[in-house]
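If you want the building blocks of each chain, they are given just below.
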Amino acid sequence: MEGEGEYTFPTGTRYVGQMKDGMFHGKGVLYFPNGSKYEGTWDKGLSKEGKYTFSDGLEYEEDDWDFCDGYDRRFYTERCNGLKPAGQSQLTNRVPPEVIPAGCYDCGDGFYNPTTRTVSDYQHKFLRHADDDEHEWIVRTCRKSWDDVDGPTTKYSADLQ
């Protein structure tokens, strides 16, 4: 491929831009299935400079990045639109949050099925197989489709006085 072109990866990620010898070369944009994008300048398939924009419009800034640091854990949409009233938690940056399929986890770029160890995007298209490290991280940290009860449980009965 030479000149302007478009290439779609099996994951659904799509490149639109200049190409040379079948490689990204010149200006181009990678569009990701989750709605985010990377606009960059490429040289023989390697990105030389660029800008990543999340699906909600937040642009990544390498030098002055102050999102999700140790001091401020709010979502971008909470910073733009304010916090919800007490008792109404915002579980993800998506409003409303994605409904997670039974037995799966929301790992940020899609759903993880621990039985098949696969990640699919939010439209249920295959993205990748999770290795042991990713599996462990997802199971330990990501939002799941079921609720676990933390702490002591109490049984209430009309017979208690």
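In case you missed it, the structure is sitting above this.
Not measured: the values here are computed from a predicted model.

### Looking at the overall build of the chain
- Across its full length, the chain carries 2 helices and 10 strands.
- The order of α-helices and β-strands along the chain, N terminus first, is β-β-β-β-β-α-β-β-β-β-α-β.
- Residues classed as buried in the chain amount to 24% of the 161 residues present.
- A separation threshold of at least 6 residues defines the contact pool for the chain, and within that pool the share at least 24 residues apart is 16%.
- Total accessible area on the chain stands at roughly 11500 Å², and carbon and sulfur atoms take up 50% of it.

### Let's talk about the pairing of strand 5 (residues 46–53)
- One ladder, built from 7 bridges, connects strand 4 (residues 37–43) with strand 5; its direction is antiparallel. Bridging across to strand 5, Gly-40 finds its partner in Gly-50.
- Between strand 4 and strand 5, which follow one another and run antiparallel, lie 2 residues, and Lys-44 among them has a positive phi close to 50 degrees.

### Thoughts on the nonpolar core
- In terms of nonpolar packing, the biggest core is built from 8 residues, these being Tyr-105, Cys-107, Tyr-112, Val-119, Leu-127, Ala-130, Ile-138 and Cys-142.
- Residues within four places of Cys-142 in sequence aside, it is in contact with Tyr-105, Asp-106, Cys-107 and Trp-137.

### With respect to the sheet that holds strand 4
- Strand order in this open sheet of 5 strands is 1-2-3-4-5, and the pairing throughout is antiparallel. The open sheet is flanked by strand 1 (3–8) and strand 5, the only strands paired with a single partner. Pairs of neighbouring strands in the sheet enclose a mean axial angle of 15 degrees, with direction left out of account.
- Pairing of strand 3 (residues 23–31) with strand 4, which is carried by 6 bridges, proceeds in the antiparallel orientation. Opposite Leu-30, over in strand 4, you have Tyr-38 as the bridge partner.

### Some points on the sheet that holds strand 8 (residues 118–120)
- In space, the 5 strands of this open sheet follow the order 9-8-7-6-10, with antiparallel pairing throughout. The open sheet has two edge strands with one neighbour each: strand 9 (126–129) and strand 10 (143–144).
- Relative to strand 8, strand 7 (residues 111–113) runs antiparallel, the two sharing 3 bridges. Bridging across to strand 8, Asn-113 finds its partner in Thr-118.

### Structural notes on the packing of aromatic side chains
- Across all of its chains, the model carries 11 aromatic pairs by this definition.
- Considering the side-chain rings of Tyr-15 and Phe-24, the 3.7 Å spacing of their centres and the 10 degrees angle between planes classify their relative orientation as stacked. Pair check on accessibility: Tyr-15 and Phe-24 agree, each one buried.
- Each residue in the set Tyr-7, Phe-9, Tyr-15, Phe-24, Tyr-38 and Trp-42 is aromatic and connected to the rest through ring pairs, giving one cluster.

### Comments concerning the pairing of strand 9
- Sheet topology note: the strand 8/strand 9 ladder contains 3 bridges and is antiparallel. Bridge pairing in strand 9 links Val-119 to Arg-128.
- Taking the residues that link successive antiparallel strands as the turn, the strand 8-strand 9 hairpin has 5 residues, and the phi of His-124 there is positive, at about 70 degrees.

### Remarks on the pattern of salt bridges
- Scanning all chains against the criterion turns up 9 salt bridges.
- A salt bridge links Asp-106 to Arg-143, with the shortest nitrogen-to-oxygen separation between them at 3.4 Å. Residue Asp-106 is located in strand 6 (residues 105–106), and its partner Arg-143 is located in strand 10; the two are separated by 37 residues in the primary sequence.
- Arg-143 sits in the partly exposed class, given a relative accessible area of 23%.
- One salt-bridge network, in which partners are shared between bridges, spans Lys-37, Glu-39, Lys-51 and Glu-59.

Thresholds applied
- All residue numbers here refer to positions counted from 1 along the written sequence of the relevant chain.
- In keeping with the predicted nature of the model, local features appear solely for residues at pLDDT of at least 70, side-chain atom pairs appear and are counted solely at 80 or more, and the whole-chain, interface and lining totals rest on all residues.
- To get the side-chain values, take all heavy atoms of the structure and skip hydrogens and water.
- Labels follow the DSSP assignment, with helices taken as runs of H or I lasting at least four residues and strands as runs of E lasting at least two, numbered in each case from the N terminus.
- Only protein chains enter the accessibility calculation, which uses a 1.4 Å probe; a residue is then buried when its area is under 20% of its type maximum, exposed when over 50%, and partly exposed in between.
- For this analysis, residues touch if any pair of their heavy atoms sits within 4.5 Å.
- Accessible areas in this description were obtained via Shrake-Rupley with a 1.4 Å probe; residue shielding takes into account the shown protein chains only.
- The criterion for strand pairing is that DSSP finds at least two bridges linking the strands in question.
- What makes a nonpolar core is a set of buried Ala, Val, Leu, Ile, Met, Phe, Trp, Tyr and Cys residues whose side-chain atoms join them at distances within 4.5 Å.
- Structural elements are reduced to axes, namely lines fitted to C-alpha atoms, with helices fitted over the stretch in contact, and the angle between N-to-C directions of any two is expressed from 0 to 180 degrees.
- Aromatic contacts are taken between Phe, Tyr and Trp rings whose centres are within 6.5 Å, Trp giving its six-membered ring; a plane angle under 30 degrees counts as stacked, one over 60 as edge-to-face, and the others as tilted.
- Put simply, a salt bridge is a Lys or Arg side-chain nitrogen that is within 4 Å of an Asp or Glu carboxyl oxygen.

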